Amino acid sequence: MDTEKKPLEVVPAVDLTRYVGRWYEIARLPMRFEEDCDSDITATYTLRADGQIHVANACRKASGDLKRSEGTARLADKSEPNSKLQVTFLPPFLQKLPFVWADYWIIELDADYRWAAVGEPNRKFLWILARTPELDKADYQGILERTIRQGYDLSDLIVTPHTCNAPNL
């Protein structure tokens with residue numbers, strides 16, 4: 001079976017209370033929503049009382065202006081591992097529509113929740129995240145090697161620069 005045809009493997013379970021908090025984007029595959037983001041990309045997750053997760057993304061544009069977006073994450077399917085989430089950035093009144101939710105699958109996660117890799121089944125999108133603006137080179141290299149083994153093409157991988165001006169949310 002071709003690597004790209006195998007189902008994308010996710011971590012077996014995630015302690016969402018440990019997963020929430022601020023993450024720094026270390027690298028990503030190109031995507032339309034981040035094409036004007038130049039540096040200092042962060043994602044901050046907060047557990048909501050209803051069990052869903054509030055998502056607050058921020059980045060700095062080349063102009064220096066701050067760009068923010070807020071959304072919601074939820075379990076993709078209660079019968080699947082809780083590492084398979086879905087996310088939307090549309091307003092609550094549109095969230096009842098099934099096609100507004102995008103897959104957010106946690107495919108790598110450090111035992112101490114210091115770094116993670118997030119993808120989706122078609123392998124078009126990938127984010128490498130860390131709790132700090134820099135990731136240990138050995139950890140980073142290991143993530144890259146394992147995502148390639150999962151069928152990702154990383155030839156267009158973008159490394160995210162971080163300055164001391166990370167956005168506060």
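Located above this text is the structure these notes cover.
Residues numbered from 1 in each chain as written. Predicted model: local features only at pLDDT ≥ 70, side-chain atom pairs only at ≥ 80, totals over all residues. Heavy atoms only, no water.

Caption draft 1: Just the environment of Asp36, in detail. Tracing the backbone through its elements, the reader meets Asp36 in the loop between β1 (21-28) and β2 (39-47). Each C-alpha atom, one on Asp36 and one on Arg60, is 8.5 Å from the other, the two residues being 24 residues apart in sequence. Other than its neighbours up to four places away in sequence, Asp36 contacts Lys61, Ala62 and Lys67. One polar contact links Asp36 to Lys67, side chain to side chain, over a distance of 2.7 Å. (Helix = DSSP H or I, 4+ residues; strand = E, 2+ residues; numbered from the N terminus. Contact = heavy atoms within 4.5 Å. Polar contact = N/O pair within 3.5 Å; in protein donor to acceptor, adjacent residues only side chain to side chain.)

Caption draft 2: Inspection of the state of the cysteines at higher detail. Tallied over the entire structure, the rule returns one disulfide. Disulfide pairing places Cys37 opposite Cys59 at an S-S distance of 2.1 Å. The disulfide joining Cys37 to Cys59 has a torsion of about -65 degrees about its S-S bond and is therefore left-handed. Of this pair, Cys37 sits in the loop between β1 and β2 while Cys59 sits in strand β3 (residues 53-60), and the two are 22 residues apart along the sequence. Taking the relative accessible area as the measure of exposure, Cys37 reaches 12% and is therefore buried. For Cys59, a relative accessible area of 2% translates into the label buried. (Disulfide = S-S within 2.5 Å. Buried < 20%, exposed > 50% of the residue type's maximum accessible area, 1.4 Å probe, protein only.)

Caption draft 3: Fine view of the pairing of strand β7 (residues 115-119). Of all five residues that make up β7, five are buried, and the element is covered over most of its length. Of the two faces of β7, the one lined by Trp115, Ala117 and Gly119 and the one lined by Ala116 and Val118 are each fully buried. For strand β6 (residues 102-109) and β7, the ladder comprises four bridges, and the chain directions are antiparallel. Note that in β7 the partner of Trp105 across the bridge is Gly119. Where β6 hands over to β7, the hairpin turn is made up of five residues, of which Tyr113 adopts a positive phi near 60 degrees. In this sheet, strand β8 (residues 126-130) lies alongside β7 in antiparallel orientation, the contact comprising five bridges. Pairing of Ala117 across the sheet is with Ile128, part of β8. Adjacent in sequence and paired antiparallel, β7 and β8 are bridged by six residues, among which Arg123 carries a positive phi angle near 65 degrees. (Pairing = 2+ DSSP bridges.)

Caption draft 4: Up close: helix α2 (residues 137-149). With 13 residues, α2 ought to run about 18 Å at 1.5 Å a step, and its terminal C-alpha atoms sit 18 Å apart, in line with that. Those residues of α2 that sit buried are Asp139, Tyr140, Gly142, Ile143, Leu144 and Thr147. Among the residues of α2, the N-terminal cap falls to Asp136, whose side-chain oxygen and the backbone nitrogen of Ala138 are separated by 3.0 Å. Looking one or two residues past α2, Gly151 carries a phi angle of roughly 100 degrees, positive in sign. (Expected span 1.5 Å × (residues − 1).)

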